[in-house]
Structure formats: structure tokens, C-alpha cells
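Coordinates in review
Each chain, letter by letter, is given below.
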Amino acid sequence: MARWCYRHRLVVLLLWVGALFGVGFAGSTAGTDYANVFSLPNTDSKSAYDLMEKAFPESSGDTDTIVWKADEGSVRDESVRSRIEPALNEIAGMDGVGEVTSPYAGAGGAAQISENGRIAYAQVTFTEQANAVPKELVEDVVDTAQDAERDGLQVELGGQAITRVQEAAQGTSELVGVLAAAIVLFLAFGAFFAMLLPIVVAVVALGIGMMGTGLLSHVTNVPDVAPLLGSLIGLGVGIDYALFIVTRHRRGILRGMKPEEAAVKALNTSGRAVLFAGGTVVIALAGMLVMNLRFLDGVVIATSLTVVLGVLAAVTLLPALLGLLGMRVLSRRQRRRLAAAGPEPENVSGLAARWSAYVERRPRSIAAVALLVMVGLSIPVLSIRLGTSDQGNHQESTTTRQAYDLLAEGFGPGFNGPLQVVVNGEATTGLVSRIESTEGVAEVAALPPANGISVIQVVPTTSPQDAETDRLIDRLRDDVIPAADVEAHVGGVTAVSKDFASVTADRLPYFIAAIITLGFLLLMVAFRSLVVPLTAAVMNLVAAAASFGVLVAVFQWGWGTELLGVGKEGPIAAFLPVIMLSLLFGLSMDYQVFLVSRMHEEWVHTKDNARAVRVGLAETSRVINCAALIMMCVFSAFILSGELEAAMAGIGLAGAVALDAFILRTALVPAAMHLLGNSNWWLPAGLEKRLPHLAVEPREEPEEAAVEGGGASVIHGFIRTADGEPVDGAAVTLLSKGGRQLDRVTSLADGSYILSVPAPGAYLLATTATSYGSRARHVVVEDGPLVYDVELAEGEVDAVN
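I will try to describe carefully the structure that is included in this document. (Residues numbered from 1 in each chain as written. Predicted model: local features only at pLDDT ≥ 70, side-chain atom pairs only at ≥ 80, totals over all residues. Heavy atoms only, no water.)

Digging into the side chain of Thr144
- Within the secondary structure layout, Thr144 lies in helix 5 (residues 135-146).
- Relative accessible area serves as the criterion here: at 12%, Thr144 is assigned to the buried category.
- The residues contacting Thr144, other than those within four sequence positions of it, are Ala87, Glu90, Ile91 and Met94. (Helix = DSSP H or I, 4+ residues; strand = E, 2+ residues; numbered from the N terminus. Buried < 20%, exposed > 50% of the residue type's maximum accessible area, 1.4 Å probe, protein only. Contact = heavy atoms within 4.5 Å.)

Here it is in C-alpha cells:
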């Protein structure tokens, strides 16, 4: 496939460009229809919602609030009324506004003025829900209301429709992330075109993915946060996957391969790993469906679509672009050096090689320090509290946050999140009086029955996100309502948020168990080992705990929220653990696959664990760290999105990637594998026979197999020291050039060995003995037996490559 895309590059480019413009045109024409659907079956708040729909079947539009405060005097003063009333009348006459409830209209309006007379509010009800209200109408409402301000009179607005018009411009965070990634790529490659390749591939895939998500929102429920999360993961993954392939392609050219062969080799090695890693990310994201929460279904669609397109672009569009560039994928200096000095040697040197050797010398101390850091960062997760962010978490400069604070100041903190006790029948005076006397209740108002349903409005003494409000809901459900002997349910936005968090927390262990088990099975099949996937599962849990610890410290404890410009501290969004764990699992699998696949390749060839871990870390740590740095740039840029949930996901994932790449994969995992030794690659013989073979690495090339028509033969000889002494008990292994083990024996007391050879051809002979290191050599067997003696030197460490 890589060769076809390389040779038919113009066709591939036209197909991708056509798809981009076609989906883009369809998406811009159709628009979007995002909807936040919190379907929580078998919860008390859902029962309350169903009764409310029965009581008030007519659909009402979004209700927003205009709040004003007089620094001196009262809001009833003529100087205030003369400015506010005309503005309210003008807003009421706007096309698309259904009703304006003013505190100056009749005796009922007195409840909309605070006790001290300094703060009042009016409610604006639109004819449509928040997502459908035209942005121009909302902007006119905001401008008209705030035009009434003067010195000593503050006017602010709150509500879902108002929130939409103050969001940051879409695309800002993506643009900043792309620019930061471009800088990292240029520093890594030193070539402009090489830097551009991953960016182009990721942006094309992301553009189609985002437009496709918008189109899918018309046929299924996609929440408005899904495109942000989709672009966050799609952009990071798309750039990283292309980075791995371009790095392998450039290395092939520098080592003397022609551009086409280098591209084919890169796709047949790193491209396979990208397919495997991308598949695991999508499976992990699909694991969110285990939660059975409709809100997450749209998130799965958006994120999975961008990842799938990122993988497809990396394995089809990228080789076409490599074909266009040819040798220009290298910098001018590299091309001149290649022409003058010839291909580069294959040995790994530099900082990565020195660090890898250091880890091999001191695995215990490195593992201890890395584990201490991760455990320390995990401590805050013990106090995690799930909930839902609201306008009280917005930045202080926003009008929604100012309106929220003014309402809390004038009418109490619980006014921003009232509860509804919904009674199937008539509300008894006993129930109302019991609610009034309940600890944590500030105000109670029983509304007239409608269609046989009674609604009691309950204002808590604490804010919607306060833990005391959650306890009040529990008291109403567990004690107050049962004692009144009526059928009633507690609803409202705050109750829905609490139930959503409770359901999520209850189902989270099953979700974690599902994705950890899945990861274990995939890695076991890929690397033919029980210990490697078990280590990866433990590391994933450690990385998740540490990243959530960072999240709690920043967003729940408030360590730097205002400094970062992400608003006020509060509970962690209830859906975030599920989404983050899916993404973390996928990304951790990516890095684990790229790291361990190289170690596994070396282990298959040499059966030397220390060498396999050392070479694998030395050859992959640089590209993994570069990929992680790009991910961190992309994720961190989502602080600029204006969405608190996206900022939470961005900071949480950036921290998780940093910890995963720079501490786990660079230090803790290799140190643990050095300590575990050959047991890393242990797999029971019975299980080995039953497991399917999953080729993360390329299959053997036909020319590496035995020569057709040849018969079986043998290799025999002696294993001796440099002094000619026989080496007893040395492990002698015959492998194909592709790394498949063909025969394995142990040398006898006189050092002799004999290996069975299936047919004439080229093979790899690996010899390992305690205290003598290892040695591997290529041998060629012709028609007859081959005599081959091996000399081992004491303390020798042989570099196979």
C-alpha cells in the first residue's frame, strides 16, 4: 500500500483534497446541531424531570438573567429604574425574545429584589433553546442591557445563551498548538519540509474529522464539548503518528536507502506500529460505551473519528507527500553530508545512548526515585470530588461570573442552583414544613399544582458545587420525603449533576477494569509475554493517578487557576475521568508499543534482556520524548479554548503525557525491566501455542527464508573461550534473519553443540553464556553441514548491530 501511494501520489493527494473540500462544504452548508443529553435512567433526578415534563408539556426556551446592583441607594430609586426599565422594554420587544420578567412589574416582582434593596434581577426567556438562539440576538440583549450602566450602577448577564457569546473564538487553541508543535518539529528535524509533513497530515485529518462530527450531530446526539475534545486528541495523535513514520523514513535515507524504499520500509515498520497504536486508542475510546451514558456516545464518535482519520492520513497521505518531496525531506546540510561522506553508521550515540546505559547500571535507584515522584503527585487524587462546572467557575472578567457572584451576594449562594422537589399529586403542608425545617434550606416556595403535579422550589444555603448541597439532596431523599409519606423526587440542575457524578463514580471501576484487561490482552498477544503487559497495566494506573492528582491540585484546590486564566476552583467535571482514562490508556499504549516493540525485536535476535532494554530505550527515547513534547504543546494550548472542561482535559492530558514519557517510559519502565531480567519475556508454553500471532513488526521477507528446493542440514561446532577452554551450558540459538527462533540447544561439557537447519539459506547464530556476555553472527548454510566454532570472551558485551 505504501509503495502504491508513493508512486500514485497525485491521485492520493487529489482524493484527500477532494474529501477535505467535499466534507467541508457539506459541513458549512448543514451547520451543526450539538445537544447535551444527560440521560440518567433509574435516577431520582430523571424521575423528577419526567414529572416536570408531564406538568409543563409546552416547550419553553432558554431563560437567562440580567442582574444589576446599585452601589448607593436602592434599585427602586427613580435614577436606577429610569435606566433599567427602558432597556428591559426594548429587550422584550426583540424578535426571538418570548418574555421578560421584571422586578418592577406588579407585586410579584418584589421577590426579585434583594433584602437590602441594592441588587435586583430580571429573567429573559427566549423562544428557542440556548444552542438555537441566534448569536446576533444574544449580543443585542447583552449590549442593550449593559448600555444602561453608569457610575454606581453595575449590570451583568448570566445564562447558557449568554455563555455562548463570550466563548473564545474557535480555532485559537488549535492554531497555537499547531504553531508550538511546528517549532518542536523544526528543532527535531532541522528541515522545513520535514517539519511541515506531520502538520499537514494532522490538519487535513482534523479538518475532515471536525466537519464530519458536525454532520453527524444532525443524526445523533453529540455534546458541544465533543468537537473540542476530538480536535484535542486528533491533533496530538495525528502529528505524533506522522512524526514516527517521518523519523523512520529519514533514518532510512541517511543510511543509504533510496527515498521510495525508505518510505516503504518506514510504513512497513513504524506504519504497522501506528496502525496497532491507533487501533488501541479507538478501542479504548469505545470503552466509554461501557458506562452506558448517552452524553459520552457523542464524545466517542468525535474522538474516534479524528483518530481513525489521523491513522489513515499517516499511512496513505504521508507516503504520497514523501513521494513529492523525495530527498528534500532532509535538510540541505544533511543532503550535502550524505553525498560527500556516504550513509551514516547504524550505531546509536548521544544523550539517549548514555542515559540508556546509566539506567542499566543503576536500575534500583532510578526506579525508586521515579516511583516516589509518581506517588507524591498521586496524593491529591485521594480528595477528588466529581461534579459539574457552572458559571461560578468562569473567569472573573466574564459577565456570567459577575452575574453569578451578584446573585449569590444578593440572594444567597444557593440561589444559583435551586432544587425542585416534584410531587406526583398535591404537595402536603407537612412536606413543605419538613423541607423548611431541614438543615441547609434557605428558602422554600410551593408552586400551584399543574396537571396533577406539584413543584416545590428549594433554595439551599450553600452554592451548587458545595459538598453541603450534595448532603442536603441526600437528606431530602433519604429522610425528609420518606417521613412525609408521599411520592416525590428531587430534581433540578444541581441534582442532575450530583446523580451524573454518582453514576459515573459507580461505573468507573468496571470501565477501568475493562480497558486495563483489554490492554493486557493486546500487549500479551503482541509481545508474547505475561510480565510486559502486567508492567504496562500497573504503569497505566500509576500514570492515571498522578495525572488526576495534578488535575485536583490545579482545578479543585485552585493552585494557579486564576493565574492560568481558567476560572475559579471547583469539582472535577464528572465525565472527565472517563474521557481522560480512555485517552491516557490509548496514548500510554502508543508509547509502550513503540518502546517495547524495539526491545522485543532485539530480544528475539539476541535473547539478551539487558541488551534488548538498553538498545530499545536508546533508539526510541528521543522520538518518544519529541512526540510527548508535541502532545504537551497541543494539549496545553487548549487552556485558550474558553471552555473550562477543555482546559481541564488539556492540562490533565499534558501533565499525564509529560509524566508518562519523561518518567515512566524513560526511567521507570526500563529500570523495572532491567530488574525483572529474562522473566520479562516469560510466557507459558501452553499459552504460546494457543495465542494468535499479531504482527506489530513486519513479517519476514521472502528472501530471508530458506532457499527453495534445498534439504535440511545442520550447524555444529564448539563454544570455547579465548584460551581454548570449552564453555559448558552455553545457550546456542538459531534464528531466521527476521528473528524467528528455529532451534535452540545447550553446549555440552566439551563445548560442542549441534543445531538443526531447515534448509540452505542465511541465518543468525546467537550464543549466550553466564559471565561471557553474548555474541551473534550471520551465517550462510549451503548444501552440506556447516562447521562453525564460537569464541566467547569473559565479560564481553557484544554489539550485534
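Structural notes on helix 18 (residues 493-527)
- The first and last C-alpha atoms of helix 18 sit 48 Å apart over 35 residues, in line with the 51 Å expected at 1.5 Å per residue.
- For helix 18, the principal kink sits at Leu508 and spans about 40°; a proline, Pro509, occurs within the next four residues.
- Taken from the residues just after helix 18, Arg528 is the one with a positive phi, measuring 50°. (Expected span 1.5 Å × (residues − 1). Bend = angle between axes of the 7 residues up to and from the residue.)

Let's talk about a negative patch on the surface
- A grouping of Glu90, Glu136, Glu139, Asp140, Asp143, Asp147 and Glu149 is seen on the molecular surface, where their side chains present a negatively charged patch.
- A per-element tally of the negative patch places helix 5 first, with four residues.
- Mapped onto the secondary structure, Glu139 falls in helix 5. (Patch = residues over 30% accessible without salt bridge, like charges linked within 9 Å, V, L, I, M, F, W, Y side chains within 5 Å. Areas by Shrake-Rupley, 256 points an atom, 1.4 Å probe, with all protein chains shown as cover. Salt bridge = Lys/Arg side-chain N within 4 Å of Asp/Glu carboxyl O. Lys, Arg positive; Asp, Glu negative; His and termini not counted. Charge placed at Lys NZ, Arg CZ, Asp CG, Glu CD.)

With respect to the pattern of salt bridges
- Summed over all chains, the structure comprises 14 salt bridges.
- Salt-bridge contacts for Glu260 lead to Arg3; the nearest nitrogen and oxygen are separated by 3.2 Å. Taken together, the residues span a long stretch of sequence, with Glu260 in helix 10 (residues 259-286) and Arg3 in helix 1 (residues 2-7) at a distance of 257 residues.
- Among the residues examined, Arg3 registers a relative accessible area of 29% and is labelled partly exposed.
- For Asp44, the salt bridge identified is with Arg477, shortest N-O distance 2.9 Å. With a gap of 433 residues between them, Asp44 in helix 3 (residues 44-55) and Arg477 in helix 17 (residues 467-484) connect regions that are remote in the sequence.
- Residue class for Arg477 comes out buried when judged on its relative accessible area of 18%.

Considerations on the environment of Leu748
- Note that Leu748 resides in the loop between strand 13 (741-746) and strand 14 (752-757).
- Taking the C-alpha atoms as reference points, Leu748 and Ala730, 18 residues apart in sequence, are found 8.2 Å from one another.
- Residue contacts for Leu748: discarding those within four places in its chain leaves Val727, Asp728 and Gly729.

A short note on the packing of helix 18 against helix 21 (residues 576-606)
- Running from amino to carboxyl end, helix 18 crosses helix 21 at an angle of 15°, the nearest separation of the two axes being 11 Å. Accordingly, the angle class assigned to the pair helix 18 and helix 21 is roughly parallel. For the pair helix 18 and helix 21, the sense of crossing is right-handed. Residues Thr504, Leu508, Phe511, Ile512, Ile515, Gly519, Leu522, Leu523, Ala526 and Phe527 of helix 18 form the contact with helix 21, whose participating residues are Pro577, Val578, Leu581, Ser582, Phe585, Met589, Gln592, Val593, Val596, Ser597 and His600.
- A breakdown of the residues in the contact of helix 18 with helix 21 according to their chemical character gives 15 nonpolar, six polar and no charged. (Axes fitted to C-alpha atoms, helices over the stretch in contact; angles between N-to-C directions. Parallel < 35°, antiparallel > 145°, perpendicular 65-115°, else oblique. Left-handed = near helix turned anticlockwise from the far one by under 90°. Nonpolar A, V, L, I, M, F, W, Y, C, P; charged D, E, K, R; others polar.)

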